Amino acid sequence: MTSPASSSEVKYLIESSEGNTFDVSGAALRQSNTFNAMFLNIGADGPIPFTDYNEATLKKVFEYCEHSVNEENYSGPKHQDDLSKWDLNFFNEMDQKMFIDVINASNFLDIERLTSYCCERIARMLRGKNTQEMIKVITLPTAEELEAKQKVEEKKAAAAKKVAEKAAETAEKTETLEELPVQQLVQTTRNKLTRKYLSFSNE
Amino acid sequence: MQLLSFPALIQKEIFGNLHFDGLLILSFCSKRMRNVIQCLQKHRIKNLKTITYYFTRNDRISIVGKSCDSILLKLNLSRSQDVICMDVFGMGREIPLWLTNLDYWCFTYNYRTEQKNIIIEGVHAYLLQFFESSVQYRVESDSSKLPPSLKHIHSSVYELPKNTTAEELEECFVSSPNQEYVSIYLDFACKISPKSIIYGIENLHVACFDYYNDHILFHFRGKSLIMETSAFKNITIIRFLEAWKSNQGFETLVFLSIGSPYLDRDKIHRATGVKQSTDVCEIKWKERSVSTSSTF
């Protein structure tokens, strides 16, 4: 499907977690340091599997890469205020879930520019907020929620302990029951052997 | 978005985009968050060289953290009559301390006046834990009330309120008796006890504003003493220099500077036999080399 040639005309097939494939230009893919390290020099025989990420996420990530192909070389993160209209639209049209998926995919693919912008965007969400507001942004459980969670966990642990104790009791009883026939069997065998030995010695 | 679920590299980059004041607020979210920030921002924390607590009039406290060449942290604590509890600086919800102004240049926390000492001790304890001991902590005060004694203070500058007693001054050093440098602006005659912690401070600077404070000169046990604008009699300095020269005490003293408009330099030199250059008298004996600069 692809050759290791580094021409921007070359297209690579990318495989998503759904097993779907789509093509991405070599120039866009080269913004991924992960790709560069893994496939650029050896080439890829068949679709490149990035199967930890879904198609929508990967397409979004590579949409960014395709767009920034012609931009100047990356020289550190820009402030959000310096982002172009296209960049802002790109980020604004993502919902939070997609945004998180894009960050993770961008991190895995090691696309410095996109990762930096995403991180700067999150920092911007946190700036100028007090602790309670920050907790809402980063969805940390509040003290009350933690307390409630701890209580539930304690209840669960107590219930589990009870179940374990009952199971242990039952197992003990079963063990005693099972032990009886074995002991009887051993005794019977011993008796039989003794009788056999005695009859043999009588003969 | 679960910040703590992101890979460490992402977390590090997010934290890297926040100033220290923002990181502090974020660290109040949870213990785990604080640990993660400390761990991933070690390289930045290392750049922080000093944190200074400025106690100013009106019970305002400014906290400024600096690297070698720039300000990295700036917080203000201001008094208020309101009572809002926010669980900041790890002090729980019972302590009335709350964030009021999230101005980009300086975050302001408000506190109840009567809780000032508890608040500043709590804030200092948190900063000590957060930034660890690599940072030098300093206190500067020109407040009308002396600040509380804080632990692990490296140096301090006190402009003492009028009528401060020797006991009150002593209290300031109880938690950090081994400070490297202390500067005291003493606008009155203060009878410090001969066993005072202050005399054991390694480098002491005292501005006496024309008050007689001879006892400081005679009881000092540190390495370097600078007394500015002091009122001294010639005979006091002669007595001191004779004792110092003949090794009767002051063994640890290696540098002494006295600035006093009342001294007769020639008279002192004649009496003590100290050779003089234009501005500086130098005394040399035994293995010690002592320089006594005088501006009288």
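Treat the numbers as computed from the prediction; the structure is a model and nothing was measured. (Residues numbered from 1 in each chain as written. Chains lettered and ligands numbered in written order. Predicted model: local features only at pLDDT ≥ 70, side-chain atom pairs only at ≥ 80, totals over all residues.)

### Quick word on the overall build of chain B
Okay, so step 1: Check the secondary structure of chain B and you find nine helices and 13 strands.
Okay, so step 2: For chain B, buried positions account for 31% of its 296 residues.
Okay, so step 3: For chain B, the share of sequence-separated contacts (at least 6 apart) that also reach a separation of at least 24 residues comes to 50%. (Helix = DSSP H or I, 4+ residues; strand = E, 2+ residues; numbered from the N terminus. Buried ≥ 20, exposed ≤ 12 C-beta atoms within 10 Å, placed from the backbone. Contact = placed C-beta atoms within 7 Å.)

### Overview of the overall build of chain A
Okay, so step 1: Regarding its fold elements, chain A presents eight helices and three strands.
Okay, so step 2: Residue burial in chain A is summarised as follows: out of 203 residues, 20% are buried.

### Some remarks on the pairing of strand β1 (residues 11-15) of chain A
Residue and element names in this part refer to chain A.
Okay, so step 1: Here β1 shows a buried face lined by Tyr12 and Ile14 and an unburied face lined by Lys11, Leu13 and Glu15.
Okay, so step 2: Where β1 and strand β2 (residues 21-25) come together, five bridges link them in antiparallel fashion. From the neighbouring strand, Ile14 faces β2, where its bridge partner is Phe22.
Okay, so step 3: Hairpin remark: β1 followed by β2, antiparallel, with five residues in the connecting loop; positive phi at Gly19, about 90 degrees.
Okay, so step 4: Here two bridges tie β1 to strand β3 (residues 48-49), and the two strands are oriented parallel to one another. Within β3, the position partnered with Glu15 by the bridge is Pro49. (Pairing = 2+ DSSP bridges.)

### Some words on the nonpolar core
Okay, so step 1: Counting residues in hydrophobic clusters, the biggest one holds 70 residues, and the most contacted among them are Val61 of chain A together with Leu26, Val88, Leu97 and Tyr109 of chain B.
Okay, so step 2: Examining the composition of this core, we find that seven residues originate from one element, helix α6 (residues 112-126) of chain A, more than from any other.
Okay, so step 3: Not counting chain neighbours up to four residues away, the residues in contact with Leu97 of chain B comprise Met86, Val88, Phe89, Met91, Tyr109, Tyr111 and Ile119 of chain B.
Okay, so step 4: Core analysis: the next-biggest nonpolar cluster, separate from the first, contains 29 residues, Tyr158, Cys172, Val182 and Val206 of chain B among them. (Core = buried A, V, L, I, M, F, W, Y, C linked by C-beta atoms within 7 Å.)

### Things to note about the environment of Arg127 of chain A
Okay, so step 1: Turning to its location among the elements, Arg127 of chain A is positioned in the loop between α6 and α7 (131-137).
Okay, so step 2: On the basis of neighbour count, Arg127 of chain A is assigned to the partly exposed category, with 16 C-beta atoms found within 10 Å.
Okay, so step 3: In this structure, the C-alpha to C-alpha distance between Arg127 of chain A and Arg30 of chain A, residues 97 residues apart in sequence, is 33 Å.
Okay, so step 4: With sequence-adjacent residues up to four places away left out, Arg127 of chain A is seen in contact with Leu18 and Gly22 of chain B.

### With respect to helix α5 (residues 96-109) of chain A
Residues and elements named next belong to chain A.
Okay, so step 1: If you check α5, its first and last C-alpha atoms are 20 Å apart, about what 14 residues at 1.5 Å a residue would give, namely 20 Å.
Okay, so step 2: Three or more residues of α5 are buried, namely Val102, Ile103, Asn104, Ala105, Ser106 and Leu109.
Okay, so step 3: The first or second residue beyond α5 is Asp110, which carries a positive phi of 55 degrees. (Expected span 1.5 Å × (residues − 1).)

### Some words on the environment of Asn54 of chain A
Okay, so step 1: Note on placement: Asn54 of chain A falls in the loop between β3 and α3 (55-67).
Okay, so step 2: Sequence-wise, Asn54 of chain A and Thr170 of chain A are 116 residues apart; in three dimensions their C-alpha atoms are separated by 48 Å.

### Notes on the interface of chain A and chain B
How big an interface is tends to be stated in terms of the accessible area lost upon association of its parts.
Okay, so step 1: Counting residues at the interface gives 21 residues for chain A, matched by 21 residues for chain B.
Okay, so step 2: At seven residues, α6 of chain A tops the list of elements feeding residues into the side of chain A that touches chain B.
Okay, so step 3: Along the lines of polarity and charge, the residues of the side of chain A that touches chain B split into eleven nonpolar, eight polar and two charged. (Nonpolar A, V, L, I, M, F, W, Y, C, P; charged D, E, K, R; others polar.)

### Digging into the UniProt feature "domain: F-box" (unreviewed entry) in chain B
Okay, so step 1: UniProt tags residues 1-48 of chain B as "domain: F-box" (unreviewed entry).
Okay, so step 2: Across residues 1-48 of chain B one finds 69% helix and 0% strand; the C-alpha atoms that close the span lie 30 Å apart. (UniProt positions renumbered as here; feature names shortened; annotations may be inferred.)

### A look at the packing of α5 of chain A against α6 of chain A
All names here are of chain A.
Okay, so step 1: It is at 8 Å that the axes of α5 and α6 come closest, and there the two elements cross at 145 degrees. As for how α5 packs across α6, the hand of that crossing is left-handed. Contact with α5, carried on its side by Val102, Ile103, Ser106 and Asn107, involves Leu114, Thr115 and Cys118 of α6 and no other residues of that element.
Okay, so step 2: Residues that form the contact of α5 with α6 fall into these classes: four nonpolar, three polar and no charged. (Axes fitted to C-alpha atoms, helices over the stretch in contact; angles between N-to-C directions. Left-handed = near helix turned anticlockwise from the far one by under 90°.)

### Brief notes about the pairing of strand β9 (residues 203-207) of chain B
All names here are of chain B.
Okay, so step 1: Alternating residues of β9 divide into Leu204 and Val206, all buried, and Asn203, His205 and Ala207, none buried.
Okay, so step 2: Note that strand β8 (residues 181-185) and β9 share five bridges and pair parallel. Within β9, the residue paired with Tyr185 across the bridge is Ala207.
Okay, so step 3: Pairing of β9 with strand β10 (residues 224-228), which is carried by five bridges, proceeds in the parallel orientation. Within β10, the residue paired with Asn203 across the bridge is Ser224.
Okay, so step 4: Read from β9 through helix α7 (residues 214-219) to β10, the crossover connection turns out right-handed. (Right-handed = clockwise from strand over helix to strand, strands pointing away.)

### Some details on the confidence of the model for chain B
Low pLDDT means the predicted coordinates in that region are not meant to be read closely.
All names here are of chain B.
Okay, so step 1: Model confidence for chain B is summarised by a mean pLDDT of 84, while 90% of its residues fall at 70 or above.
Okay, so step 2: This stretch, residues 282-296, has a pLDDT under 50; its non-local contacts, to residues over four places away or in other chains, come to 26 contacts.
Okay, so step 3: Taken over the whole predicted complex, pTM reads 0.76, whereas the ipTM for its chain interfaces reads 0.75. (pLDDT = per-residue confidence, 0-100.)

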